Each structure stands twice: as structure tokens, then as C-alpha cells.
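In case you want the letters, here they are:
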Amino acid sequence: MNSTRDIPFGRPWLDDVDRNAVIEVLQGHILTHGPKCAEFETKFQNMMQGGYAVTTSSCMASLHLAAIWYNFGPGDEIIVPAQTHVATVHAVELVGAKPIFVDCVAETGNIDPELIEAAISDKTKGIFLVHFAGIPAQMDSIMGIAKRYDLIVVEDCALAVGSLFDGKHVGLFGNVGCFSFYPVKHITTGEGGMLVSNDKETANNIANFRAFSVDRTHGERKIPGVYDVTGVGMNYRMSEMQAALGCTQVDKIPDILYQRSQNFKYLKNGLSEIEHVNILDSTDSRAQNSHYCLIMVLNKSSRDARGRVIEKMKQRGIGTSVYYPQPVPRMEYYKSKYGYSSKHFPNAELISDCSIALPVGPHLGINEMEYICTNTLSILKEEI
Ligand SMILES: *Cc1c(COP(=O)(O)O)cnc(C)c1O
């Protein structure tokens with residue numbers, strides 16, 4: 001097998017339909033506050049089969065909007081996953097609330113519902129959770145806890161376009177769901193995000209707040225330029241160029257999900273013969289994975305081998321990644337602010353220190369998947 005391949009971990013899927021949609025916006029004069037954002041929101045709602053969608057400038061912006069909107073602040077405690085993108089936790093930290101880290105389940109990487117309850121105090125106001133690498137979190141148990149303790153739930157769905165729990169799209173279980181359209185996610189607008197709520201009023205209010213809290217849109221102004229301001233809002237809007245790209249990208253979601261699931265299945269199957277390697281996937285038959293990537297977790301004693309495996313894969317042209325390089329509470333800022341003890345987060349540590357994320361994106365066909373599988377097997381046999 002030759003080693004001249006170059007297989008990137010992720011690559012946006014763009015064609016002339018996408019490019020022409022952006023050019024069309026640039027041939028007109030409306031670059032923001034226009035029809036493309038509204039169209040993208042409608043299309044996204046249809047894809048999710050529910051909820052009210054609000055375009056934003058990023059997933060981080062959506063998470064931040066949620067933390068502000070629910071008035072979390074000093075004195076409040078918010079339950080967060082130890083194993084997630086730092087954005088999930090930054091949103092809580094930015095408004096002055098205290099993140100309370102909870103470890104994940106080893107099989108899925110998702111927050112462990114059994115540990116959530118033990119972390120709740122009378123200061124707890126909410127749960128910010130992530131659907132880890134597109135594997136849906138245990139939403140029935142989590143929403144049960146939230147109901148019992150009257151907690152706000154915010155879902156970080158950045159890698160979870162197409163993730164369902166019991167037939168319902170994730171992001172529609174909690175109060176708010178937050179999506180990302182960063183280039184390597186399922187679909188992209190360059191930078192960009194979406195905030196989704198089941199509650200129309202919440203969605204409208206947050207939409208208003210992400211645009212300076214002015215009380216009427218351009219279309220609603222009887223006299224141009226005349227409006228009032230009802231709060232201290234932000235500018236977290238999406239542009240029309242981005243939204244136009246979002247519209248054409250949404251149309252590709254069924255194909256993207258199909259190709260991802262095929263690639264994932266092939267690779268999971270191929271790697272199953274290796275002992276002492278755990279592949280993260282949904283364990284609940286109601287949980288439909290969106291297959292962002294395939295995360296294989298080597299056992300603890302292979303900690304040193306991981307770097308060598310990644311290096312060999314790189315030499316053979318196979319792009320990999322790590323989700324995530326540290327449990328968030330072990331990252332410098334959070335560690336020095338809140339202290340850290342590895343005994344509280346053994347599963348998050350195992351995934352951070354011993355896992356490798358392999359690509360399964362729609363930029364890869366059966367030939368690439370065969371190449372990745374064969375080489376991963378031979379490298380693992382050499383190294384562990
Ligand atoms: C990428 C990612 C984010 C950040 O998304 P942006 O749109 O870049 O702000 C947040 N959470 C998770 C889980 C992610 O993977």
C-alpha cells in the first residue's frame with residue numbers, strides 16, 4: 001500500500017450550487033437583515049421537524065446568548081460536562097456563574113446522568129450539556145432531573161446535526177439548542193451558528209437580543225431608521241452571504257448523514273477485531289448518532305502508544321484529531337481557578353489522553369475508508 005495519500009480529517013463540502021448562492025447575494029445590495037437568514041431559519045426548522053430557529057454568528061454566540069438570556073450570574077451554579085469543547089463551559093464562565101464539572105460515561109463520552117444529581121445544590125440553576133461527537137446524550141434521564149429540580153437545559157449541538165433521541169432531533173429537548181457551522185462541522189457557513197427553541201416567544205426574544213435589543217426589524221419600521229431599544233443586546237447576527245450558504249448546505253444534510261453513517265459503520269466494523277480498543281457510539285437504541293467522527297479509545301496502558309499511532313497515521317497521510325485534548329477542568333484557566341483532581345473525571349481523562357478521532361466525513365468514499373481501516377489495524381497491531 002503506498003503512502004502518498006492525503007486524507008484530511010475534515011473538509012467542507014462545497015460545490016457550484018453553494019458558490020453561486022453566495023455570489024447571488026453579492027450581486028444584490030442586501031448583505032444583512034435580509035431574506036436569506038429567514039429562509040435558512042425556516043429550512044433548518046424543517047430539517048429538525050420542530051422548534052424555532054434563530055441564525056447567529058457562531059455556536060459560542062448562541063451559548064453565550066442563552067447564558068445571558070436565562071440571567072445566570074454570580075452565585076449561580078451550572079452543571080457542565082468535563083468532556084466537551086471549551087465553548088460549552090466558557091458561556092457559563094463568561095456571565096460569572098460557576099461551572100460544576102461532571103464526568104462522562106466511558107462508552108459514549110456523554111455526561112453521566114447518575115453523576116448530575118449528586119452535583120446539584122440549592123444554587124444550581126441549569127445544565128449545559130453537549131452531544132459528544134454527535135452521540136445523543138441520555139435526554140430522557142437528563143430532562144427528568146431538570147424537571148425535578150426546575151433547571152434550565154441548554155444543549156450544545158455543534159456536532160449533532162441529524163442526531164435524534166427517540167425520533168426527536170436534539171436541541172429540541174432542553175430550553176435552547178445551539179448549533180455550529182464552522183468549516184469542519186456537518187454543514188458550514190464559514191463561521192456561523194443557530195439557536196433553536198421549542199418556545200416561539202423565547203426564540204423571538206433572543207433573536208431581538210442578538211441584534212442590539214432593538215424593538216423592531218427593518219421591515220417593521222414605519223419610518224426608516226426609527227426604533228426603540230428594550231435592553232442591552234449584542235450584535236451576534238449572521239450575514240446574508242453566510243445564510244445563503246447555509247440554505248444550500250441544509251439541502252445536502254440527508255446525503256451528508258448517509259455517507260457519514262456508511263463510513264462510520266465500515267470503519268467500526270473493520271476495527272472491531274482489535275482488542276482493548278473501545279469505539280464510542282450510542283448505546284441506547286433510541287439514540288441516533290450523527291457520526292461526526294469515529295473516536296477509538298485505547299486502554300489506559302496504551303497512553304504512551306497514542307502519540308506513536310497518530311504519528312504513523314500522519315506519515316501514511318491519514319488526518320486524525322483528538323476530542324478533546326484535555327477535560328475542560330484540567331485546562332489551565334479552569335484548573336487554576338477551580339482546582340483539579342483527576343479522581344473526579346476518570347472517564348473524561350481516559351478519552352482525552354488515550355483516544356484518537358478518525359475521519360468519516362462525506363469527503364471520503366469506500367477507497368479511502370479501506371485505506372484508513374487497513375492502516376489503522378496494522379499500526380495498532382504494531383504499537384499496542
Ligand atoms: C465547534 C464546537 C463549538 C464552537 O462552535 P463555534 O461555532 O466555532 O463557536 C462548540 N461546541 C462544540 C461541541 C463544538 O464542537
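Here is a short report on the structure shown in this document.

Parameters at a glance
- Residues numbered from 1 in each chain as written.
- Predicted model: local features only at pLDDT ≥ 70, side-chain atom pairs only at ≥ 80, totals over all residues.
- Heavy atoms only, no water.
- Helix = DSSP H or I, 4+ residues; strand = E, 2+ residues; numbered from the N terminus.
- Rg over C-alpha atoms; globule rule 2.2 N^0.38 Å.
- Buried < 20%, exposed > 50% of the residue type's maximum accessible area, 1.4 Å probe, protein only.
- Expected span 1.5 Å × (residues − 1).
- Contact = heavy atoms within 4.5 Å.
- Pairing = 2+ DSSP bridges.
- Axes fitted to C-alpha atoms, helices over the stretch in contact; angles between N-to-C directions.
- Arc of directions from axis to C-beta.
- Phe/Tyr/Trp six-rings, centres within 6.5 Å; stacked < 30°, edge-to-face > 60°.
- Lys NZ or Arg CZ within 6 Å of the ring centre and 35° of its normal.
- Polar contact = N/O pair within 3.5 Å; in protein donor to acceptor, adjacent residues only side chain to side chain.

## Some thoughts on the overall build of the chain
Along the chain, the regular secondary structure elements total 13 helices and 13 strands. For 384 residues, the compact-globule estimate of 2.2 N^0.38 gives 21 Å, and the C-alpha radius of gyration of the chain, at 21 Å, lies within 12% of that figure. Referenced to the eigenvectors of the C-alpha coordinate spread, the extents of the chain come out at roughly 70 × 55 × 35 Å. Counting the 384 residues in the chain, one finds 54% classified as buried.

## Thoughts on helix α13 (residues 366-383)
Given a rise of 1.5 Å per residue, 18 residues ought to cover 26 Å, and the 25 Å separating the end C-alpha atoms of α13 matches this to within 8%. For α13, every residue scored as buried is listed here: M369, Y371, I372, C373, N375, T376, L377, I379, L380 and E383. On its buried face, α13 sits against α9 (253-271), β10 (277-279), β12 (294-298), α10 (303-315) and β13 (355-358).

## Focus: the sheet that holds strand β1 (residues 52-56)
Pairing within the open sheet is mixed, and its seven strands lie in the order β1-β9-β8-β5-β4-β2-β3. The sheet terminates laterally at β1 and β3 (98-102), the two strands that pair on one side only. On average, each strand axis in the sheet is tilted by 20 degrees relative to the strand beside it, whichever way the strands run. Summarising the sheet, strand β4 (residues 124-130) and strand β5 (residues 152-156) pair through five bridges and their orientation is parallel. Residue G126 lies in a different strand from β5, and its bridge partner there is I152.

## Quick word on helix α6 (residues 139-149)
Quick reminder: α-helices carry 3.6 residues per turn. Residues three or four places apart thus point the same way. Listed as buried for α6 are M139, I142, I145 and A146. On an axial view of α6, the arc spanned by its buried residues comes to 130 degrees, and they lie on one face. Residues of α6 that are exposed and point more than 90 degrees away from the buried face comprise K147 and R148. Its buried side turned inward, α6 meets α5 (113-119), β4, β5 and β6 (164-165).

## Some points on the packing of aromatic side chains
With the rule as written, the count across this model stands at 18 aromatic pairs. Plain terms: the ring middles of Y323 and Y324 are 5.1 Å apart, the flat faces sit at 75 degrees to each other, and that makes the pair edge-to-face. Judged by its relative accessible area of 11%, Y323 is buried. Grouping aromatic residues by their ring pairs yields a cluster made of F101, Y333, Y334, Y338, Y340 and F345. A cation over an aromatic ring shows up here: R5 above the ring of Y371, its NZ or CZ 4.4 Å from the ring centre. Positioned above the aromatic ring of F173, the side-chain terminus of K168 is 4.6 Å from the ring centre.

## Overview of the environment of H85
Among the structural elements, H85 can be located in the loop between β2 (77-81) and α4 (86-94). Placed 71 residues apart in sequence, H85 and D156 show a C-alpha to C-alpha distance of 9.2 Å. Among residues more than four places away in sequence, those in contact with H85 are Y324 and V328. Within the structure, H85 has its side chain in polar contact with the backbone nitrogen of A87 (distance 2.9 Å).

## Digging into the side chain of S213
Residue position: S213 is located in the loop between α7 (200-209) and α8 (240-250). On the accessibility criterion, S213 (4% relative accessible area) is buried. The residues touching S213, leaving out its near neighbours within four places in the chain, are N208, D228, V229, T230, G231, V232 and G233.

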